[in-house]
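Chain and residue survey
Listed here are the chains, written in short residue letters.
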Amino acid sequence: MANIFNRILKWTPLVLFILLLMVDRDNLFHVVGYIIFLFSYTTVIILRVLYAKKEWHKDFNSDELDKNSSIKKMSDLQNKIKD
């Protein structure tokens, strides 16, 4: 499911560009539909960035990393995360 969602998000900018070229600017339905689609795509992207930011801080601000004396460099942290 997540793979399909990522593929849709990957191709959405191309779809938005093609729709921008095809939208009949005199037709109110086309214009409103395109704007709603553009705003919804922008909202999803912003929410994904905010979620990734939250997860990043949750992963790297844990107290376990401070207490672990074997982590002295960033490469040690990367090896610890991979394991």
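Refer to the structure above for everything that follows.
**A word on the environment of R48**
- Looking at the secondary structure, you find R48 in helix α2 (residues 28-60).
- Judged by relative accessible area, R48 falls into the partly exposed class, the value being 39%.
- Here R48 is in contact with F5, N6 and L9, once residues within four sequence places are set aside.

**Overview of helix α1 (residues 2-22)**
- The first and last C-alpha atoms of α1 sit 29 Å apart over 21 residues, in line with the 30 Å expected at 1.5 Å per residue.
- Where α1 bends most, at T12, the angle is about 40°, and the proline P13 comes one to four residues later.
- Looking at α1, one finds that the buried residues are L9, T12 and L16.

**Focus on the nonpolar core**
- Residues L9, L16, V23, Y34 and Y41 constitute the largest nonpolar core, which totals five residues.
- Put simply, the parts of the chain that give this core at least two residues each are α1 and α2.
- Leave out the neighbours within four places in its chain, and V23 touches H30, V31 and Y34.

**Focus on a nonpolar patch on the surface**
- A surface patch of nonpolar side chains, amounting to about 740 Å² of accessible area, comprises W11, L14, F17, I18, L20, L21 and M22.
- For F17, the position within the fold is in helix α1.
- Accessibility expressed as a relative area gives 47% for F17, which makes it partly exposed.

Reading the values: the criteria
Residues numbered from 1 in each chain as written. Predicted model: local features only at pLDDT ≥ 70, side-chain atom pairs only at ≥ 80, totals over all residues. Heavy atoms only, no water. Helix = DSSP H or I, 4+ residues; strand = E, 2+ residues; numbered from the N terminus. Buried < 20%, exposed > 50% of the residue type's maximum accessible area, 1.4 Å probe, protein only. Contact = heavy atoms within 4.5 Å. Expected span 1.5 Å × (residues − 1). Bend = angle between axes of the 7 residues up to and from the residue. Core = buried A, V, L, I, M, F, W, Y, C linked by side-chain atoms within 4.5 Å. Patch = residues over 30% accessible without salt bridge, like charges linked within 9 Å, V, L, I, M, F, W, Y side chains within 5 Å. Areas by Shrake-Rupley, 256 points an atom, 1.4 Å probe, with all protein chains shown as cover. Salt bridge = Lys/Arg side-chain N within 4 Å of Asp/Glu carboxyl O.

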